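What follows is each chain in one-letter form.
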Amino acid sequence: MDIFEYMRNTQMEKEAPLAARMRPRTLDEVVGQEHIIGKDKLLYRAIKADKVSSVIFYGPPGTGKTTLAKVIANSTSAEFMQINATSAGKKDMEEVISKAKDLQGMYGKKTILFIDEIHRFNKSQQDYLLPFVEDGTVILIGATTENPYFEVNGALISRSIVFELKPIPVEAIKELIRKAVYDVDRGMGIYQAEIEDEAVDFLAELSGGDARHALNAVELGVMTTTPGEDGKIHITLEVAKECIQKRVMRYDKTGDNHYDTISAFIKSMRGSDPDAAVYYLARMLYSGEEVAFVARRIMICAAEDVGNADPQALVVATNASLAVERIGMPEAQIILSQAAAYVACAPKSNASCVAIEEAMKTVEQTGNLPIPPHLQDAHYKGAAKLGHGTGYKYAHAYPNNYVEQQYLPYELSGQEFYRPSGNGYESKIREHMKRLKQEAALADQNNS
């Protein structure tokens, strides 16, 4: 590094955003994530001993993935290189690998390659890295906000240790906020700012465990607030509310939070908990989920988990789906809430769902079994001569509009698919079918 590059880097550090300046430089400065960097944990010991192997840090934004990579950079004797998958290409990786080979061959020095947003690399780019990770040319540190088991090459995963980072606890965020306000060297201390406890609490709560989000709000508050008569900048609750006006919601429509939240929503309706169902509905709507997607999930739940225990559930869900398409937000939330609450409170049965699942498996296993001749169509040309429809019993000609005859293929005689539960309206269906069969059997006895 020449003098000009040194001066440029020094100037950039001074002008960097507060969140970047406050980034921990040593392992002991890191807050939160005790489950992976506690003093008795593997990662802590590995960093301290400078024995880090390939790892992937996975977690929401602002939880310290890049921070841990920087801490490793400050702690290791290995060469540390960094690229961002959003902008780097194969040429960049080739340059890194070439330099790593030179360092390894000439000086026996290891190279740690930190790839931020590693999930942005496509399959071929990730495949390119694999042999160099495998033979030790580079030690890989990947950072991703997406589930690595979905987004990262399985071969890379198998050669790495995955560490999941959690949202930073509120108390730790409070500590960071106060340090950022009063720290003279790296924080906002030179501005003579003071922050009220209520403002600290508010920012920490609404940050959603994202340290960067909280520090950005602090920086905005300090830089845009006029000093008071005492010459100091006062970050009050009102100032804090202006700087972070909406609670951070970790919800990516294509990521884990999306699937976890919709899963909780459906399971709450299935479990007959309308309070939880409406809560998860609110989380999705608050985060901008499409109302049509939510409506589709309610319809599916109405058919799959309520079924004929309350046939009106699907009617309500379907009408809600049509209504929200015509109305849109914000009023659509009322309609979705009604539908979700109805499905959650309805009696439950998955009998019809199980029926089609079992029937599909039977069809897969047995193929196109012959349809009983008396059920076959007798109207097309020549069908009657072939015996199609012969012997068919017209149900409406019998008491209760019911008559016993073979409807399933003969090979499946006696097979049951739909077994109504004793819940809700299905109990009536079950009793009705039982009564029909008993009366039909009694009529056969009397006729014989």
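In this numbering scheme, every chain counts its residues from 1 along its sequence in written order. Reporting in this predicted model follows two pLDDT cut-offs: at least 70 for local features of residues, and 80 or more for side-chain atom pairs to be given and counted; totals over whole chains, interfaces and linings ignore these cut-offs and use all residues. As a convention, hydrogens and water are excluded, and side-chain values are obtained from all of the structure's heavy atoms.

## Side note on the state of the cysteines
Only a pair of cysteine sulfur atoms within 2.5 Å qualifies as a disulfide here. In this structure the tally under the stated criterion is 0 disulfides. Its sulfur unpaired, Cys353 is 11 Å from the next cysteine sulfur, which belongs to Cys301.

## Structural notes on the packing of helix α15 (residues 274-286) against helix α18 (residues 332-345)
The angle between the axes and the distance between the axes are what describe a pair of packed helices. The convention used is that axes are lines fitted to C-alpha atoms, helices contributing only their stretch in contact, and that angles between N-to-C directions extend from 0 to 180 degrees. Secondary structure elements follow DSSP: runs of H or I of four or more residues count as helices, runs of E of two or more count as strands, with numbering from the N terminus. The interhelical angle for the contact between α15 and α18, taken along N-to-C directions, is 150°, at an axis separation of 9 Å. By the angle between their axes, α15 is roughly antiparallel relative to α18. Crossing of α15 over α18 shows right-handed handedness. Where α15 approaches α18, its residues Pro274, Ala277, Val278, Leu281 and Leu285 are matched on the opposing element by Gln333, Leu336, Ser337, Ala340, Ala341, Ala344 and Cys345. Angles are sorted into four bins: roughly parallel if under 35 degrees, roughly antiparallel if over 145, roughly perpendicular if 65 to 115, and oblique for all others. Should the near helix be turned anticlockwise from the far one by less than a right angle, the crossing is left-handed, and should it be turned clockwise, the crossing is right-handed. Between two residues, a contact is recorded if the distance between any of their heavy atoms is within 4.5 Å.

## Regarding a negative patch on the surface
Taken together, the side chains of Glu196, Glu198, Glu238 and Glu242 make up a negatively charged region of the molecular surface. Along the chain, Glu242 falls in helix α13 (residues 237-243). We call a residue buried when its accessible area falls under 20% of the maximum for its residue type, exposed when it is over 50%, and partly exposed in between, using a 1.4 Å probe and counting protein chains only. The exposure class of Glu242 is exposed, given its relative accessible area of 59%. Surface patches are defined over residues having more than 30% relative accessible area and no salt bridge, joining like charges when they lie within 9 Å and nonpolar side chains (Val, Leu, Ile, Met, Phe, Trp, Tyr) when within 5 Å. Accessibility throughout is a Shrake-Rupley quantity obtained with a 1.4 Å probe, and a residue counts as covered only by protein chains that appear here. Salt bridge, as used here: a side-chain nitrogen of Lys or Arg that lies within 4 Å of a carboxyl oxygen of Asp or Glu. None of His or the chain ends enter the tally, which takes Lys and Arg as positive and Asp and Glu as negative. Each charge is placed at NZ for Lys, CZ for Arg, CG for Asp and CD for Glu.

## Regarding helix α10 (residues 170-182)
Given the number of residues in a helix, its expected span is that number minus one, multiplied by 1.5 Å. The terminal C-alpha atoms of α10, which comprises 13 residues, lie 19 Å apart, in line with the 18 Å expected from a rise of 1.5 Å per residue. Here the buried face of α10 lies against α2 (18-21), β6 (193-195), α11 (197-206) and α12 (211-224).

## As for the confidence of the model for the chain
In this model, the chain carries an average pLDDT of 85, and 91% of its residues clear a pLDDT of 70 or more. By definition, pLDDT measures how confident the predictor is in each residue, and it falls between 0 and 100. The element-level mean pLDDT for the chain is lowest in helix α1 (residues 3-15), coming to 50, with α18 highest at 95.

## Details of the pairing of strand β2 (residues 79-84)
The pairing of β2 with strand β3 (residues 111-116) spans 6 bridges and is parallel. The partner of Met81 across the bridge, within β3, is Leu113. Traced from β2 through helix α6 (residues 90-107) to β3, the parallel crossover comes out right-handed. At least two bridges found by DSSP between two strands are what make those strands a pair. Clockwise travel from the first strand over the helix to the second, with the strands pointing away from the viewer, marks a crossover as right-handed.

## Notes on the pattern of salt bridges
Overall, the coordinates contain 15 salt bridges when judged by the stated rule. The residue Glu134 makes a salt bridge to Arg159 at a minimum N-O spacing of 2.9 Å. On the criterion of sequence distance, the pair formed by Glu134 in helix α7 (residues 123-134) and Arg159 in the loop between α9 (154-158) and β5 (161-164) is long-range, its members being 25 residues apart. A salt bridge links Lys174 to Glu171, with the nearest nitrogen and oxygen atoms 3.2 Å apart. Taken as a pair, Lys174 and Glu171 lie in helix α10 at a separation of 3 residues, close to a single helical turn. Judged by its relative accessible area of 14%, Lys174 falls in the buried class. Counted as one network, the salt bridges with shared partners bring together Arg25, Glu29 and Arg186.

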